[in-house]
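# Structural features, examined
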Amino acid sequence: MKQPPQKKDGPPVASSIAASERIGVDRSVEKERKKDLPPPRKQFDDESRGGRAKRRSVLNQPEARNRVELFRHLPPHKNGTQLPSLESKFFELHEKHPAVYKVGLQYLAGDLSGGNARCIAMLQAFQEAIRDYSTPPEKTLTRDLTSKIGGFVSFLIECRPLSMSMGNAIRFLKSRIARLPLTLSESEAKTTLCSDIDRFINEKIVLADKVILRHAATKIRDGDVLLTYGSSCVVEMILLYAHELGKQFRVVVVDSHPMLEGQKLLRRLVVKGLSCTYTQLNAISYVMHKVTRVFLGASSIFSNGTVYSTVGTASVAMVAHAFRVPVLVCCEAYKFHERVQLDSICFNELGDPDAISKVPGRVDVNYLDNLTDKQKENLELLNLKYDATPSDYISVIVTDYGMIPPTSVPVIVREYRKEYLLI
Amino acid sequence: MPDTQALVNDFLNKLKKRKIEGSQATAKQTAELLRSVISQTRMPYTNQAAALIHSVKAVGERLIAANPVELAVGNVVRRVLHIVREEDLSLTTAAMAGLNLSAESDDEDDTDRDNHPALSAAAIAAASRSTLRPPSLQTLLEDVPDSAAVPHTSSSGGDSEGKSKSADKSSRSRKLKHDVIEAVNELIQDISTCHELIAEQAVEHIHQNEVILTLGSSRTVLEFLCAAKEKKRSFRVFVAEGAPRYQGHLLAKELVTRGLQTTLITDSAVFAMISRVNMVIVGAHAVMANGGVIAPVGLNMVALAAQKHAVPFVVLAGSHKLCPLYPHHPEVLLNELRSPSELLDFGEFSDCLDFGSGIGAPLLHVVNPTFDYVPPKLVSLFITDTGGHNPSYMYRLIADYYSADDLVLERRTTSGN
């Protein structure tokens, strides 16, 4: 029995998720592969294809005044003050579930950050929502549940644009829902889905991290000076694991304004007894003379080998390359994506522009207070969250499939993508 | 002298405590101080130049030792020494010319020879021979330790004519001092107006619809961009904030006040944005003899990104920033580390500072360098008050401003004295 292809079912989703919703049907593998080519993403400002997103957006757009021309194609940053309007408008149209709502709030406030953490929190919230779900009469489980999930995803996107890891997880979930045999009862279907989600989290994230730890620890020798940038959970795990194994090494934590994530990582490392040096991104040429290895995390890796990660990673990799220091990127394979990207401008995420003018802990940096209107007219503040590191700066990518060069990423995407869709 | 001593000590204090901001201010104050030192120097009858050089070197050594990282101090000291030597040279040449003239007129008037400056002809001729002759191995070996010492030995024979020569020698010494002080005034003037001369060249490099990137704040860059704006060139500026001092905020504020479209970005976004930038324009702290640049921290990263994207990297520097020394290990020897409190809050991290490793050393180090070294191969162009130059050309400018004898300022304590 063929299931009709479900393209863009339910409410139109404001961004890339709709474009990547290609539910597989019973056809030959080749045709499947051709269909799997991702259509171009819906851009935020594209009136013809997805411009409805702007009109349907429940949050008021912040004034266009301070938006950088170059980034008009990206949705502006949402901050916590817009929460009341979010609540009132959004839940008129969609059903509310407390777990998903909570996760959305955490994204909006910035409490939850990091690809793995966000993905796990989202999937667990979906598990709860699925458990509490009951099929309304006259509707099939698969269709209705898919549209509900689509609604939840729209809400999360309103809070904060999805990361690549979350996008891949949602694709997985929707494909699982679509493959549910129609003979299952509702409770059986729900249990199957919840256990699938558990298996996904366990295999693709938790176990994958353990495999990565083991691989990466072989690359750390006694006497090494390891450099890391920002705060990546995988890199932190690697450093602590290698320390437990008894290896003697020093860590250099490089940090940058405005996120200052490195300070949190620094505290966690020093508490465990690692010897650390802390510096900010500009001083990277100064410290790179003594560094032997650079470990970086990634939000996603694209099919042309470009690493999409926290803004500033590209600079670190470039300087390391100039000083001939090997750069190891540690990333689970579920974060790989078929997209290709050449620069950091075509696709990115905008952060809060006002975060730039203030420095936490430095009251003397208040030059941008009290600007006149004329000054404000000419000044734009740009706070990017991600950047794209070219593949030539990367020496090796450590994944749960082993240590691969950046050129092998499309191979993994192609050969192993089907594997997890079919588990 | 007591007056100058007080001035010198005061300036030394300011240098040691890093109270003076910026190489232009430092250079100007150094030049003014040396001017007072020169005007207070007591000039002997012979070797005026040597006396001046000695007193300037004495003060200069101490100034450089107070703040070795502020290269502008050493540059100005060496410029002044070069001025002294040059003025001495030109006076001697003039005296030589006078000598030739008097030699011709000697045939006419023998009786006037005693009163004529040509009486000191032997001394002058010997002195000028030493200053005017090109360096050869023999002269270099003879001139150890001080080339100004040679006139001393050659004029010892002329001491018998001391009294008659004293009048014209003192007038010569006054002339030397006067000339030197005039030249130092010109130097101070040059230092003050270097921004205008550099800004004049802005129109040659900025055309329409350009995007310019800069990092931190530099007055030279500000004047440069405003000069281009005056000439109605339309361009936008990306300013990277330049942690940990965040001077980029100041520059952005200044630029928007003058009506320029400015975007303030974080340092981490430089690599992301540089593909859309046409030119990177930055200021420098010092330019070394090989064309390398001592620049505010973060500029090496920007220069590497600019090279990768084939964006021209232009450095603006006044001529008082050109240092005749070659950099050896500049990241360490020509760098200063600032307070860690600019990066970490001591209160928040006080518990981390107590943890000890097995040998009791602290586990947490914080590194906060002030400067970065940019190698000459990453710089596309230097724009100075004398025009635009390639990094490979900078060593030639040194010959214009400095003498080879002044590169090492420490006085030798061996036999030469």
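In this numbering scheme, every chain counts its residues from 1 along its sequence in written order. Each chain gets a letter, beginning with A, and each ligand a number, beginning with 1, in the order they are written. Where local features are concerned, this predicted model is filtered to residues with pLDDT of at least 70; where side-chain atom pairs are given and counted, the filter is 80 or more; whole-chain, interface and lining totals use all residues. In computing side-chain values, all of the structure's heavy atoms are included and hydrogens and water are not.

## Describing the overall build of chain B
Applicable threshold: A run of H or I in DSSP becomes a helix once it reaches four residues, and a run of E becomes a strand once it reaches two; helices and strands are each numbered from the N terminus. Partly exposed describes any residue whose relative accessible area lies between the buried limit of under 20% and the exposed limit of over 50%, with all areas from a 1.4 Å probe on protein chains only and scaled to the type maximum.
Counting its regular elements, chain B contains 16 helices and 11 strands. Buried positions account for 53% of the 417 residues belonging to chain B.

## Details of the nonpolar core
To be explicit about the condition: Buried Ala, Val, Leu, Ile, Met, Phe, Trp, Tyr and Cys residues that are joined via side-chain atoms within 4.5 Å together make up what is termed a nonpolar core. Residues count as neighbours in contact if any of their non-hydrogen atoms are within 4.5 Å of one another.
Judged by nonpolar contacts, the single largest core of 84 residues is most densely connected at L227(A), V294(A), V280(B) and F313(B). Of all the elements, helix 13 (residues 299-308) of chain B adds the most residues to this core, at 7 residues. Residue contacts for V280(B): discarding those within four places in its chain leaves L213(B), I274(B), V302(B), A306(B), V311(B), P312(B), F313(B) and V314(B). Formed by 42 residues, the second largest nonpolar core is a distinct cluster that contains V100(A), C159(A), L193(A) and I201(A).

## Focus: the sheet that holds strand 7 (residues 327-330) of chain A
Put simply, the test is: One bridge is not enough; two strands pair if DSSP finds at least two bridges between them. To get an axis, fit a line to the C-alpha atoms, keeping to the stretch in contact for a helix; angles then go from 0 to 180 degrees between the N-to-C directions.
The 8 strands lie next to each other as 11(A)-10(A)-7(A)-4(A)-1(A)-2(A)-3(A)-8(B), forming an open sheet whose pairing is mixed. Strands with a single pairing partner mark the edges of an open sheet, and in this sheet they are strand 11 (402-404) of chain A together with strand 8 (364-366) of chain B. The average angle at which neighbouring strand axes cross in this sheet is 25 degrees, direction not considered. Sheet topology places strand 10 (residues 396-399) of chain A next to strand 11 of chain A; 3 bridges connect them, and they run antiparallel. Within strand 11 of chain A, the position partnered with I397(A) by the bridge is I404(A). Contacting strand 1 (224-229), strand 4 (293-297) and strand 7 of chain A, helix 14 (residues 313-322) of chain A runs over the sheet at an angle of about 160 degrees to strand 4 of chain A.

## Side note on the pattern of salt bridges
Heads up, the condition is: Salt bridge, as used here, is a side-chain nitrogen of Lys or Arg placed within 4 Å of a carboxyl oxygen of Asp or Glu.
This model, assessed by the stated rule, comprises 25 salt bridges over all chains. Between R18(B) and E336(B) there is a salt bridge, with the nearest N and O atoms lying 2.2 Å from each other. Pair noted here: R18(B) is in the loop between helix 1 (2-16) and helix 2 (23-40) and E336(B) is in the loop between helix 14 (330-333) and helix 15 (350-354), with a separation of 318 residues, a long-range link. Relative accessible area serves as the criterion here: at 35%, R18(B) is assigned to the partly exposed category. Look at E336(B) and you get partly exposed, because its relative accessible area is 22%. Here R85(B) ties to D405(B) by a salt bridge, and the two come within 3.8 Å at their closest N and O atoms. A residue pair is termed long-range when its members are at least 10 positions apart, and R85(B) in helix 4 (residues 71-106) and D405(B) in the segment after helix 16 (394-401) qualify at 320 residues. Residue class for D405(B) comes out partly exposed when judged on its relative accessible area of 47%. Put simply, K139(A), D144(A) and K148(A) are held in one network by salt bridges that share partners.

## Considering the sheet that holds strand 10 (residues 381-384) of chain B
One open sheet holds the 8 strands; their spatial order is 8(A)-3(B)-2(B)-1(B)-4(B)-7(B)-10(B)-11(B), and the pairing between them is mixed. Two strands close off the open sheet at either side, each with one partner strand: strand 8 (379-381) of chain A together with strand 11 (387-389) of chain B. Averaged over all neighbouring strand pairs, the angle between strand axes comes to 25 degrees, with direction disregarded. With 6 bridges connecting them, strand 1 (residues 210-215) of chain B and strand 2 (residues 235-240) of chain B associate as parallel partners. Paired with L215(B) across the bridge in strand 2 of chain B is A240(B).

## Things to note about the interface of chain A and chain B
What counts is decided by this rule: Accessible-area loss on putting two parts together, using a 1.4 Å probe and summing over both, is the definition of buried area adopted here.
Contacts between the two partners involve 62 residues from chain A, matched on the other side by 58 residues from chain B. Overall, the association of chain A and chain B removes approximately 5,100 Å² of surface from exposure, summing both partners, and the carbon and sulfur fraction of that is 61%. Considering only the side of chain A, the residues that lose the most area to chain B are N282(A), Y286(A) and Y367(A), jointly responsible for 15% of the buried surface there. Linking chain A with chain B are 3 salt bridges, by the criterion used here.

## Observations regarding the packing of helix 9 (residues 164-178) of chain A against helix 10 (residues 186-217) of chain A
Residues and elements named next belong to chain A. So the rule is basically this: By the definition used in this description, the sense in which the near helix is turned from the far one sets the handedness, with an anticlockwise turn below a right angle giving left-handed and a clockwise turn giving right-handed. For this classification, Asp, Glu, Lys and Arg are treated as charged, while Ala, Val, Leu, Ile, Met, Phe, Trp, Tyr, Cys and Pro are nonpolar and the rest, including Gly, are polar.
Here helix 9 crosses helix 10 at 150 degrees, and the two axes come no closer than 11 Å. Note on packing geometry: the crossing formed by helix 9 with helix 10 is right-handed. Two secondary-structure elements touch here, helix 9 through A169, F172, L173, R176 and I177 and helix 10 through L193, D196, I197 and F200. Of the residues belonging to the contact of helix 9 with helix 10, the class tally is 7 nonpolar, no polar and 2 charged.

## Overview of the domain arrangement of chain A
Residues and elements named next belong to chain A. Quick note on the threshold: For the domains described, the bounds stem from an automatic or database domain assignment.
Each assigned domain of chain A is listed with its residue range as follows: domain 1 (76-207) and domain 2 (219-361 + 381-420). Placing a centre on the C-alpha atoms of domain 1 and another on those of domain 2 gives a separation of 28 Å. Listed as interface residues are 17 residues of domain 1 and, on the opposing side, 24 residues of domain 2. Here domain 1 and domain 2 share an interface that buries about 1,700 Å² over both sides, 51% of which is from carbon and sulfur atoms.

## Regarding the environment of S275(B)
As a reminder of what qualifies: Counting of polar contacts relies on pairs of N or O atoms within 3.5 Å, with two restrictions inside protein: one atom must be capable of donating a hydrogen and the other of accepting it, and residues adjacent in sequence are counted only when both atoms are side-chain atoms.
Relative to the elements of secondary structure, S275(B) occurs in the loop between helix 12 (270-273) and strand 4 (279-283). S275(B) has contacts with D343(A), I345(A) and H309(B), leaving out every residue within four places of it along the chain. A distance of 3.4 Å separates polar atoms of two side chains, one belonging to S275(B) and the other to R276(B).

## A word on the pairing of strand 9 (residues 371-374) of chain B
Residues and elements named next belong to chain B. Of the two faces of strand 9, the one holding F371 and Y373 and the one holding D372 and V374 are both buried throughout. Examined bridge by bridge, strand 6 (residues 293-296) and strand 9 share 4 bridges and lie antiparallel to one another. Its bridge partner lying in strand 9, P296 is registered against F371.

## Examining the state of the cysteines
Disulfides are covalent bonds that link the sulfur atoms of two cysteine residues. Our working rule: Here, a disulfide means two cysteine sulfur atoms that sit within 2.5 Å of each other.
Scanning all chains against the criterion turns up 0 disulfides over all chains. C233(A) carries a free sulfur, and the closest cysteine sulfur to it, the one in C331(A), is 10 Å from it. Not engaged in a disulfide, the cysteine C194(B) finds its nearest cysteine sulfur in C226(B); these two sulfurs lie 15 Å apart.

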